[in-house]
Number of protein chains: 2
Amino acid sequence: MSISIRRLDTAQADFDQQLEALLAWESVSDGKVNEIVNEVIARVRAEGDTALVEYTNRFDRTSASSMQDLELGQARLQQALNGLPADQRAALEKAAERVRAYHERQKGESWQYTEADGTMLGQQITPMDRVGIYVPGGKAAYPSSVLMNALPAHVAGVKEIIMVVPTPEGVLNELVLAAAALAGVDRVFTLGGAQAVAALAYGTQTVPRVDKIVGPGNIFVATAKRAVFGTVGIDMIAGPSEILVLCDGLTDPDWVAMDLFSQAEHDEDAQSILLCPDADYIDQVEASINKLLPTMERREIIEISLQNRAALIKVADMEQGTALSNRIAPEHLELSVADPEAMLPQIHHAGAIFMGRYTAEALGDYCAGPNHVLPTSGTARFSSPLGVYDFQKRSSLIMFSADGASEMGKVASVLARGESLTAHARSAEYRIKD
Amino acid sequence: MSISIRRLDTAQADFDQQLEALLAWESVSDGKVNEIVNEVIARVRAEGDTALVEYTNRFDRTSASSMQDLELGQARLQQALNGLPADQRAALEKAAERVRAYHERQKGESWQYTEADGTMLGQQITPMDRVGIYVPGGKAAYPSSVLMNALPAHVAGVKEIIMVVPTPEGVLNELVLAAAALAGVDRVFTLGGAQAVAALAYGTQTVPRVDKIVGPGNIFVATAKRAVFGTVGIDMIAGPSEILVLCDGLTDPDWVAMDLFSQAEHDEDAQSILLCPDADYIDQVEASINKLLPTMERREIIEISLQNRAALIKVADMEQGTALSNRIAPEHLELSVADPEAMLPQIHHAGAIFMGRYTAEALGDYCAGPNHVLPTSGTARFSSPLGVYDFQKRSSLIMFSADGASEMGKVASVLARGESLTAHARSAEYRIKD
């Protein structure tokens, strides 16, 4: 029996509505979630470690008696790294090396320039002092995500990187700890949920307050991040992962089917979309899907994901496919074509662009170098992959010469008086030469 | 009668607590505000223009009969610009020119590099399609803020800039409209509050949906921005404005007093802080404050602001002053010293740094060039001035050669299998050469 996947065609009269329904996704924190999260945050702020230990024992079914039981030392991380099978360790090291090398190129540099009258303007770039990385526990605990979150912070020059990872029933993930050792994480607390976010945002007796919290989590984590936004910086609130393959119809259909699977296997809400101008090719991909699906270890998840959220979309031509891709603003975009570079100038919105038939998204997820933390659910319209720039910030530099202050003081004075801000005006006027 | 301003000394035993009390600020959206904002957003999403017109008439006491009455055309903006007094127009044009020139230097550039095996990695930078700028109405309607919000978007290459500005009782601010004309704003709606934010985030029949919303507003605006964060991008949620003057004790005390006033005159919650190692000098500044205060147009606001939130702090030396400044992470930092450049490497956290005795903050507020939208309330620890980078986003570029895909496919396969993501592994393995 073959799986039924949504087939759409841009020529259909109701295509726009169908597309909207396909893409609709809203992560709603209902009243109950908000209430729980607000209570957790309030208690962690008020009681600190005591509340952390209690919540962790309750939600993660652990039996910690103090925060000491909820911190892992560097020796433990190193032990995990040393305990890895040789091939895993080599692969993790290779990935870390490539991710680090790519991110080195993202480092912002301070700049200054001096005007004719001696006035200097510029921008100074500095790293954050301390950041927190949330790593999900349980089935979605990915060592690659530890690298992708911690390495950009490390490259940015962040002085202290704090990782939190829940360990339900106290189960540790050795690969995650090994990745933390490799990525230069400074401290690891086995905390999760809204209580971990609250601890990082406000600090407790044991957990130091951070400047920014990054990393994905469940609805409680996302809601807590939204609540503490402003007290600390946060990255995006992530939705389910998605891939859009834009194919000219000449890639091996098995490859494209497997690329769609690689997204669908993440979870039931993941979304896989194929755009192609060739209806026959779409049939071939569908045939590959049906052929390969029974061989997949994570068949059940893939099947639900494809049935609920996937689509095979016939477009008029590659140009229309590109326009549609921009409209969707996918997290992952595979340009499965002969000459992807020629298409780049037309791609306006995408988290990461995987170019050419050889560039499977899976390569980018692990070891190409660019980050795999990417804007989901169309947020690539306004946001970027996680990067070094997320851990640096800028300060404007302004140094007026006596001449410059005198000249600009006149301009500022007129504008300030126009806004009725006369202290501003008089402050500027003091610097005007007689 | 002299005004009483908090005097602190880092040598005091309870200095840390005093400092914490001084800096404490939390913008709390209480339950009632959240409820109102959520209802406004829900109705604007459901009913569109109808809800917008109704809310605007109710909250801004206008009598619009349709959205046509709530949009201003380019001709109206141009009329405002043409109607300005010559000195104001010249000053506004000078400010716009300098702000544009500075921000041109912030433009990010796409980059690529090719590895030995032909694999290409890079980062493509693109502007957002459409952004929304919230400009407060009433007493805090500042034309300079229109420039500071719109020009970076314009420089970034944003295709359409939508401005919303409430006009209570239908009163328009000609300087604000003139600034919109100068800054290249494409459409202006006379909307405000949570309803304006909702319209920009979700779109209505008349107001187009934007990708990001920037600009300050009252507690309803801030709460609405937090609520729509994720659906669209937002800038920081701003607190009251603050200045920290770090002075060696050799600047004219009248100048420093007026610089403190220029912050205090914004509103009663604004914060002005002086750090100086010289107690006599602090006395002189206090004397200047008492001498000048009776001459100030906005004396009442300044007095309340200084009494509630200002502090004159004696530090042991300039080094300690610098460390304390980093701890405070001020929005505006004046280095009122002879050699401010020597201090720069030690300044880790500040929104904008005004260097030297001539560089009054007021010059930077209007026409130096750098942005005056800056991180408040210590958020300079993790965020930056508004800039061109806020209106651009990045896409990762990955193009593997056949050789590169084969080599990296092996690494990805090991890591994917370590995470039990076998579709990822098999997708990568397809690209491994036999």
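Residues numbered from 1 in each chain as written. Chains lettered and ligands numbered in written order. Predicted model: local features only at pLDDT ≥ 70, side-chain atom pairs only at ≥ 80, totals over all residues. Heavy atoms only, no water.

Per an unreviewed UniProt entry, chain A goes by the name Histidinol dehydrogenase and belongs to Marinobacterium halophilum. If you open the UniProt record of chain A and go to Pathway (unreviewed entry), you find "Amino-acid biosynthesis; L-histidine biosynthesis; L-histidine from 5-phospho-alpha-D-ribose 1-diphosphate: step 9/9." Under Sequence similarities (unreviewed entry), UniProt gives the following word-for-word description of chain A: "Belongs to the histidinol dehydrogenase family." (UniProt positions renumbered as here; feature names shortened; annotations may be inferred.)

Regarding the overall build of chain A
Along its length, chain A carries 17 helices and 15 strands. Structurally, chain A occupies a C-alpha span of about 90 × 60 × 45 Å along its principal axes. Intrachain contacts of chain A at a sequence separation of at least 6 include 74% that bridge at least 24 residues. Looking at chain A as shown, the accessible area adds up to about 15500 Å², and 49% of this sits on carbon and sulfur atoms. Averaging the coordinates of the 37 positive side-chain charges in chain A and doing the same for the 58 negative ones gives two points 7 Å apart. (Helix = DSSP H or I, 4+ residues; strand = E, 2+ residues; numbered from the N terminus. Contact = heavy atoms within 4.5 Å. Areas by Shrake-Rupley, 256 points an atom, 1.4 Å probe, with all protein chains shown as cover. Lys, Arg positive; Asp, Glu negative; His and termini not counted. Charge placed at Lys NZ, Arg CZ, Asp CG, Glu CD.)

A short note on the interface of chain B and chain A
Across the contact, 123 residues belong to chain B and 122 residues belong to chain A. Among the salt bridges present, the one from Arg431 of chain B reaches Asp259 of chain A, with a minimum N-O distance of 2.8 Å. Scanning the region where chain B abuts chain A turns up 67 residue pairs in polar contact (both at pLDDT 80 or more). Among the residues forming the side of chain B that touches chain A, the class breakdown is 64 nonpolar, 32 polar and 27 charged. The pairing of strand β14 (residues 352–355) of chain A with strand β15 (residues 392–399) of chain B spans 3 bridges and is parallel. (Salt bridge = Lys/Arg side-chain N within 4 Å of Asp/Glu carboxyl O. Polar contact = N/O pair within 3.5 Å; in protein donor to acceptor, adjacent residues only side chain to side chain. Nonpolar A, V, L, I, M, F, W, Y, C, P; charged D, E, K, R; others polar. Pairing = 2+ DSSP bridges.)

Quick word on the packing of helix α10 (residues 253–264) of chain A against helix α11 (residues 279–292) of chain A
Residues and elements named next belong to chain A. The interhelical angle for the contact between α10 and α11, taken along N-to-C directions, is 65°, at an axis separation of 8 Å. When you trace α10 past α11, the crossing you get is right-handed. For the pair α10 and α11, contact is made by Pro253, Asp254, Val256, Ala257, Met258, Leu260 and Phe261 and by Tyr281, Gln284, Val285, Ser288, Ile289, Lys291 and Leu292, respectively. For the contact of α10 with α11, the residue count by class is 10 nonpolar, 2 polar and 2 charged. (Axes fitted to C-alpha atoms, helices over the stretch in contact; angles between N-to-C directions. Left-handed = near helix turned anticlockwise from the far one by under 90°.)

A look at the nonpolar core
If you look at the biggest cluster of nonpolar residues, it comprises 70 residues, and the most contacted ones within it are Leu191 of chain A together with Leu191 of chain B. Aside from chain neighbours lying at most four places away, what touches Leu191 of chain B is Leu52, Thr56, Met67, Leu70, Val164, Val165, Pro166, Ala196 and Val207 of chain B. (Core = buried A, V, L, I, M, F, W, Y, C linked by side-chain atoms within 4.5 Å. Buried < 20%, exposed > 50% of the residue type's maximum accessible area, 1.4 Å probe, protein only.)

So, the relation of the copies chain B and chain A
Aligned on chain A, chain B shows an RMSD of 0.0 Å; the corresponding rotation is 180° and the shift along the axis is 0.0 Å. Here the two chains are linked by the operation of a two-fold rotation axis. Among all residues of chain B, the one whose C-alpha sits closest to the rotation axis is Arg226 of chain B, at a distance of 3.8 Å. The residues that chain B uses at the interface reappear at the interface of chain A in 99% of cases, marking a shared surface. (Least-squares fit on C-alpha atoms with pLDDT ≥ 70 in both.)

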